[in-house]
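# Inside the fold
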Protein chains: 2
Amino acid sequence: MSAHASQSECIETEVVDVVAYMTRLGEAARSAASQMRRAVTGDKNRALLAMAEQLQRRRSDILDANAADLARGQANGLEPALLDRLALSDARIDAMVEGLEQVAALPDPVGEIDGLRFRPSGIQVGQMRVPLGVIGIIYESRPNVTLEAASLCLKSGNASILRGGSEARDSNAAIAACIREGLREAGLPESAVQVVATTDRAAVGQLIAMPEYVDVIIPRGGKSLIERISREARVPVIKHLDGICHVYVDATADREKALAIAVNAKTHRYGTCNTMETLLIDAPVAEGLLPPLAEAYAEHGVELRGCERARAILTDIAAATEEDWATEYLAPVLAIRVVDGIDAAIAHIERYGSHHTDAIVTEDYGLARRFMAEVDSSSVMVNASTRFADGFEYGLGAEIGISTDKLHARGPVGLEGLTTRKYVVLGDGQVRR
Amino acid sequence: MSAHASQSECIETEVVDVVAYMTRLGEAARSAASQMRRAVTGDKNRALLAMAEQLQRRRSDILDANAADLARGQANGLEPALLDRLALSDARIDAMVEGLEQVAALPDPVGEIDGLRFRPSGIQVGQMRVPLGVIGIIYESRPNVTLEAASLCLKSGNASILRGGSEARDSNAAIAACIREGLREAGLPESAVQVVATTDRAAVGQLIAMPEYVDVIIPRGGKSLIERISREARVPVIKHLDGICHVYVDATADREKALAIAVNAKTHRYGTCNTMETLLIDAPVAEGLLPPLAEAYAEHGVELRGCERARAILTDIAAATEEDWATEYLAPVLAIRVVDGIDAAIAHIERYGSHHTDAIVTEDYGLARRFMAEVDSSSVMVNASTRFADGFEYGLGAEIGISTDKLHARGPVGLEGLTTRKYVVLGDGQVRR
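Because the structure is a prediction, the values reported are computed rather than measured.

### Here we look at the packing of aromatic side chains
- Following the criterion strictly, the structure yields 2 aromatic pairs over all chains and no others.
- Geometrically, the ring pair formed by Tyr394(A) and Tyr423(B) is tilted, given 4.7 Å between the ring centres and 40 degrees between the ring planes. One end of the pair, Tyr394(A), is in the loop between strand E13 (379–384) and strand E14 (401–403); the other, Tyr423(B), is in strand E16 (residues 419–430), on a second chain.
- The buried category is assigned to Tyr394(A), whose relative accessible area is 6%.
- We classify Tyr423(B) as buried; its relative accessible area is 6%.

Below you can see the structure in the form of structure tokens.
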């Protein structure tokens, strides 16, 4: 927003308009949230399936709009990786349709009552799962996220305000038309999902500063965006910062499992937050495991950086610095450290990790139990690849993101993470003595 | 803290010291949190019972320290209500001892694993309840809160930094000595509970600005303190703002239940957040219920303020203004509004309520079901007094406060609210395909 401040009067007028515009969206969302709170499961599912039908019907409009976005992006010199994320295709639209059908098929979390019990006073007390209210989602120029976010917020009974990257402007507008039509057909308020139409960046600043209209903000994007939003938000934020994930191979590990997990956790995909960035290896097995691992990594083109002890075994790899231990590469690069047992491994993870996902490979019951209890990460694994840290793999059906926060939602966030629980008390005229 | 800014150099030096002091507490707490995370239930309970024993043994020291606080408070012209909250007695110390024994007897929430299930990939996924880490608690000059907060944070496996009001300085120091000794006897780190020793208000500013050392802040006190902390905190806050609680008496209510609940919700205690502040009464029964209610309230010395329709029945009461509907009186004052049915009641609660606790009195199944689903408050009740919204009444065993937030913990916050859940994944060498 400093970019705005440095510009001239006409921008200021625009900012004033943005505040009024966002306030209108906020008011409409708050009002829609009251209606969504009582929307029945069938209507929510009908809206999702109607949206899927609209996507099918307007497929060519959406692809045309996306082509306009892509042409503008190319003219503006957008990087190839960003163009790829922006691009829609028949296959991607099919995936969006399928995603909507999957969310429609998920159980509705709203209204579930847990633990209803009689108390000595005669009242019954339980907790009912209810929507959060209004959810603001800020994300990059990936049009499929528009639909994903809309569908999860809708199914969980929330109203949402979606603010995607400006490069996807036309695609998002075309998708928003499908969403509105789906809501209309199901008799739900059209403002239950609102896609921010302005590309003015001040819209983000306003969205995160309206606690009277917005209950929670979920930013999805690069670390610097998320840090800025967390710092400036006047609304609670469910966020994902970095994923500096570790695999610790203990001396008690099964050799085949260790090799399979260490290779998969790094090489299955490089750009994902649950990819291993540092391999910790117990000293007694380092000499036996590092050479075959190095060979496997070489086949995948993974660059290795090691501590002194690792480099005594793998003599041709570069030295890892302090910075390497604290880096989320998101690339075919791996830091390797030889440690002395589980205590040193846990200490390393505590110091350099990002509390995302960490795994131990061991056949020792006591060590597995200790690692599970003592490693303070959103996912802690025994004998499994860190790549499993994912809403679909965990059975949430879908995920809106992976939270590295401790409060409210931790790890993959599905429908349940978009709800909260209130107490319900059933009495028969009881009063407090 | 503006008070500091307006003062001279020597304060600045003091502030610098406070930052260094609070940083040391933060570092010690973070380190203690790692140990507390793996503390076994038996040791935590032993520490709690050893603290109780220390309270008994040092009873006269504590009362002496408290007498010094009271004398200073009186000399400084502290209000009688605040002096009363500050005062300890043999009975209050007995209650503190009993409180510790009760917390020791509560089940330990840490380590509980929910929903461990096999996934198609062969991994098992579940969620394990774990401590939040380091909890900062900021509260008023009520020495018994020091022990209450310490015991709940300890039992839930957290380290805590407690910052009580400066008027209770000596009492808190005496209680802190009991806490330290209890921790020592149980072999737990003494810095698992740290009572801030300085009365410099800059300590609060620092405590809420150390996300590297503090995971969550729980402020307990007046609304302005909590608003300021929420605004300035760089750490998540679990907070309680106001309790503008409603009882809605529907035309379908049982007359005796309606009278009992409406009287109890207002008159059982006036200064508590779960006390009814506005009575909403359905038009068809207003004429029959308001006169006997007015009589009962008059016996208790409760001042009534009503809408025009209420004043047409109770002709001698004052008019309620817009401000009355939005006020938490915390006093023997009640606003009364005659409404047309449940929709008007819910609309009033949505507009003026504080999402704390709201109750309906009705014998109609459908209306009870609607009120439960549609009223967006932390506690929603049918045919029970709002005064039941309380950790003990709900069976939490104890409460650290009542949250009016939506995220993480909503309503009375007990041990569970001081924990979070991480995912645990148990595999047998599985990798992601």
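### Description of the UniProt feature "domain: Aldehyde dehydrogenase" (unreviewed entry) in chain A
- When the UniProt feature table is mapped onto this chain numbering, "domain: Aldehyde dehydrogenase" (unreviewed entry) sits at residues 27–299 of chain A.
- Taken end to end, residues 27–299 of chain A comprises 53% helix and 16% strand; its first and last C-alpha atoms sit 56 Å apart.

### Points about the interface of chain A and chain B
- Facing 66 residues of chain A, the contacting portion of chain B comprises 66 residues.
- Interface of chain A and chain B: buried area, both sides summed, is about 5800 Å²; carbon and sulfur atoms make up 53% of it.
- For chain A, the biggest contributors to the area lost against chain B are Leu407(A), Tyr423(A) and Arg432(A); these three give 15% of the whole.
- Where chain A touches chain B, the interface holds 14 salt bridges.

### Concerning the relation of the copies chain A and chain B
- Aligned on chain B, chain A shows an RMSD of 0.0 Å; the corresponding rotation is 180 degrees and the shift along the axis is 0.0 Å. Those values place the two copies in the arrangement expected of a two-fold rotation axis. No C-alpha of chain A approaches the rotation axis more nearly than that of His408(A), which lies at 1.8 Å.

### Observations concerning the domain arrangement of chain A
- Domain annotation of chain A identifies domain 1 (2–232) and domain 2 (245–388).
- Domain 1 of chain A and domain 2 of chain A are separated by 37 Å when their C-alpha centres are compared.

### Considering the packing of helix H6 (residues 90–105) of chain A against helix H7 (residues 143–155) of chain A
Residue and element names in this part refer to chain A.
- Running from N to C, H6 and H7 cross one another at 10 degrees; their axes reach a closest spacing of 10 Å. With respect to H7, the element H6 is oriented roughly parallel. Touching Met 96, Leu 100, Val 103, Ala 104 and Ala 105 of H6 are Pro 143, Asn 144, Leu 147, Ser 151, Leu 152 and Lys 155, all from H7.
- Class assignment for the residues of the contact of H6 with H7 results in 8 nonpolar, 2 polar and 1 charged.

### What about the sheet that holds strand E12 (residues 357–361) of chain B?
- Ordered in space as E1(A)-E2(A)-E16(A)-E13(B)-E12(B)-E7(B)-E8(B)-E11(B)-E9(B)-E10(B), the 10 strands form an open sheet in which the pairing is mixed. The sheet is open, and its two borders are formed by strand E1 (113–118) of chain A together with strand E10 (318–319) of chain B, each paired with just one other strand.
- In this fold helix H12 (residues 283–299) of chain B packs onto strand E7 (245–249), strand E8 (276–282), strand E9 (303–306) and strand E11 (333–339) of chain B, with an angle of close to 145 degrees to the strand it touches most, E8(B).
- Helix H15 (residues 341–352) of chain B contacts E7, E8, E11 and E12 of chain B of the sheet and is inclined by roughly 175 degrees relative to E7(B).

Calculation rules
- Residues numbered from 1 in each chain as written.
- Chains lettered and ligands numbered in written order.
- Predicted model: local features only at pLDDT ≥ 70, side-chain atom pairs only at ≥ 80, totals over all residues.
- Heavy atoms only, no water.
- Phe/Tyr/Trp six-rings, centres within 6.5 Å; stacked < 30°, edge-to-face > 60°.
- Helix = DSSP H or I, 4+ residues; strand = E, 2+ residues; numbered from the N terminus.
- Buried < 20%, exposed > 50% of the residue type's maximum accessible area, 1.4 Å probe, protein only.
- UniProt positions renumbered as here; feature names shortened; annotations may be inferred.
- Contact = heavy atoms within 4.5 Å.
- Buried area = accessible area lost by both parts, 1.4 Å probe.
- Salt bridge = Lys/Arg side-chain N within 4 Å of Asp/Glu carboxyl O.
- Least-squares fit on C-alpha atoms with pLDDT ≥ 70 in both.
- Domains from an automatic or database assignment.
- Axes fitted to C-alpha atoms, helices over the stretch in contact; angles between N-to-C directions.
- Parallel < 35°, antiparallel > 145°, perpendicular 65-115°, else oblique.
- Nonpolar A, V, L, I, M, F, W, Y, C, P; charged D, E, K, R; others polar.
- Pairing = 2+ DSSP bridges.

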